[in-house]
Amino acid sequence: MPEMPEVEGLVEYLRGRVTGLRVDKATVSAINALKTYDPPLTALVGARITGVDRHGKFVDVASDAGIHLVFHLAKAGWLRWYDALPTTIVKPGKTPIALRVGFDDGSGFDLTEAGTKKSLAVYAVRSPAEVPGIARLGPDPLSEGFDRATFGSLLEGRRTQIKGVLRDQSIVAGVGNAYSDEILHAAKMSPYALAANLSEAEVDHLYSAMTTTLAEAIDAAGKPPAELKDAKRRGMRVHGRRGEACPVCGDEVRSVFFADNSLEYCPTCQTGGKLLADRRLSRLLK
């Protein structure tokens, strides 16, 4: 799933290429991806792009028509950029393409989604705040006002596992499954640690690990969209590296599986050598 660093990379890429261009085409081929009807998506045609921004994991493309094209790539979505947009007709239900946008210089992009579970979301709105997912967002951990005190206040009294806290978009915007694994590994902290039980020193260490991990990932994401996924995989120390050696201590990276995802961690670095129970196995043993 694209998270804050990859989305920021996409935003920077699009900002440098579409700002000032006129929209010549905006076509949805996966009707379930379009979550709004007023204003219509076609109202973007003829408008000029005035800017591109990020809200958590949402991309916001603003226009001089007062309409924002907002999209969330969900788990299996991606953006495919073309210097010369294909002229072939996109047939609904026959392609992974959910949305095609073309500009007056002949360039454009497709939003694509792999797999059968379709969660990619597209919105045409007058304000980004009209998108429910954006309205619910917590603060961005790399925003100017997000300091150690702010982070500490978000954790106070939360008797939930820190892995879940970091992934909760209403608490911290932009961090998902992959980077929460990476942050916790950098902080040498168990994903099952309770947020409310963390000491001041542990919160200090976690805050530093989070801001450093995300900042480094954003720096590494300054690439064209076609290269961003591979760059993300190469940068991961534990996420998606089950069975490999931890780059810090050499122990084997382990996984815990859930219904629709998994987490990865290093026992030596994060849990004092203890192996966390596999939730699938635990259910079988009940």
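Just so it is clear, the model here is predicted, and its values are computed rather than measured.

1. Section: the overall build of the chain
Consideration 1: Helices and strands together make up the secondary structure of the chain, namely nine helices and ten strands.
Consideration 2: Relative to a compact globule of 286 residues, whose C-alpha radius of gyration would be 19 Å, the chain shows 20 Å and is just as compact.
Consideration 3: Projected onto its principal axes, the C-alpha positions of the chain cover 60 × 40 × 35 Å.
Consideration 4: Buried residues in the chain amount to 49% of all 286 residues.
Consideration 5: For the chain, the share of sequence-separated contacts (at least 6 apart) that also reach a separation of at least 24 residues comes to 64%.
Consideration 6: Of the accessible surface of the chain, which amounts to about 13,600 Å², a share of 51% is contributed by carbon and sulfur atoms.
Consideration 7: Between the mean site of the 37 positive side-chain charges and the mean site of the 35 negative ones, the chain shows a separation of 8 Å.

2. Digging into the confidence of the model for the chain
Consideration 1: Taken residue by residue, the chain gives an average pLDDT of 93. The fraction at 70 or more is 97%.
Consideration 2: Below pLDDT 50 for its whole length, residues 282-286 participates in one contact with residues either more than four positions away or in separate chains.

3. Let's talk about the environment of Asp278
Consideration 1: Tracing the chain through its elements places Asp278 in the loop between helix H8 (267-270) and helix H9 (279-285).
Consideration 2: For the pair Asp278 and Ala195, spaced 83 residues apart in sequence, the C-alpha to C-alpha distance is 21 Å.
Consideration 3: When residues no more than four places from it in sequence are discounted, the contact partners of Asp278 are Val256 and Phe257.

4. Considering the packing of helix H1 (residues 4-18) against helix H6 (residues 200-220)
Consideration 1: Two elements in contact, H1 and H6, have axes separated by 8 Å at closest approach and are oriented at 35°. H1 and H6 meet at a crossing whose hand is right-handed. Every residue of H6 that contacts H1 at Met4, Pro5 and Glu8 is listed here: Leu214, Ala217 and Ile218.
Consideration 2: Residues that form the contact of H1 with H6 fall into these classes: five nonpolar, no polar and one charged.

5. Comments concerning helix H7 (residues 225-235)
Helical geometry: 3.6 residues make up each α-helical turn, so side chains three or four residues apart lie on a common side.
Consideration 1: Buried within H7 are the following residues: Pro225, Leu228, Ala231 and Lys232. End-on, the buried residues of H7 take up no more than an arc of 100°, which puts them together on one face. With respect to the buried face of H7, the exposed residues turned more than 90 degrees away are Ala226, Arg233 and Arg234.
Consideration 2: Of the surrounding secondary structure, the elements contacted by the buried residues of H7 are H1, strand E5 (77-82), helix H5 (177-186) and H6.

6. Focus on the packing of H1 against H7
Consideration 1: The N-to-C vectors of H1 and H7 enclose an angle of 160°; their axes lie 10 Å apart at closest approach. Classed by the angle they form, the pair H1 and H7 counts as roughly antiparallel. Seen along the crossing, H1 lies across H7 with a hand that is right-handed. Contact with H1, carried on its side by Glu6, Gly9, Leu10 and Tyr13, involves Pro225, Leu228 and Lys232 of H7 and no other residues of that element.

7. Looking at the pairing of E5
Consideration 1: Most of E5 is tucked away, with five of its six residues classed as buried.
Consideration 2: The sheet contact formed by E5 and strand E7 (residues 108-113) spans six bridges and is antiparallel. Counterpart to Trp78 in the pairing with E7 is Thr112.

8. Let's talk about the environment of Ala149
Consideration 1: Mapped onto the elements, Ala149 comes out in helix H3 (residues 148-155).
Consideration 2: Sequence separation of Ala149 and Val203 is 54 residues, and the distance between their C-alpha atoms is 9.7 Å.

9. What to know about unusual backbone geometry
Consideration 1: With an omega of 5°, the peptide bond between Asp38 and Pro39 qualifies as cis.
Consideration 2: Tracing the backbone through its elements, the reader meets Pro39 in the loop between strand E1 (23-28) and strand E2 (49-55).
Consideration 3: Its identity as a non-glycine residue notwithstanding, Ala74 has a phi of 55°, on the positive side.
Consideration 4: Located in the positive-phi region is Lys188, a residue other than glycine, with phi close to 55°.
Consideration 5: With respect to the secondary-structure elements, Lys188 resides in the loop between H5 and H6.
Consideration 6: Lys188 sits in the partly exposed class, given a relative accessible area of 46%.

What counts and what doesn't
Residues numbered from 1 in each chain as written. Predicted model: local features only at pLDDT ≥ 70, side-chain atom pairs only at ≥ 80, totals over all residues. Heavy atoms only, no water. Helix = DSSP H or I, 4+ residues; strand = E, 2+ residues; numbered from the N terminus. Rg over C-alpha atoms; globule rule 2.2 N^0.38 Å. Buried < 20%, exposed > 50% of the residue type's maximum accessible area, 1.4 Å probe, protein only. Contact = heavy atoms within 4.5 Å. Areas by Shrake-Rupley, 256 points an atom, 1.4 Å probe, with all protein chains shown as cover. Lys, Arg positive; Asp, Glu negative; His and termini not counted. Charge placed at Lys NZ, Arg CZ, Asp CG, Glu CD. pLDDT = per-residue confidence, 0-100. Axes fitted to C-alpha atoms, helices over the stretch in contact; angles between N-to-C directions. Left-handed = near helix turned anticlockwise from the far one by under 90°. Nonpolar A, V, L, I, M, F, W, Y, C, P; charged D, E, K, R; others polar. Arc of directions from axis to C-beta. Parallel < 35°, antiparallel > 145°, perpendicular 65-115°, else oblique. Pairing = 2+ DSSP bridges.

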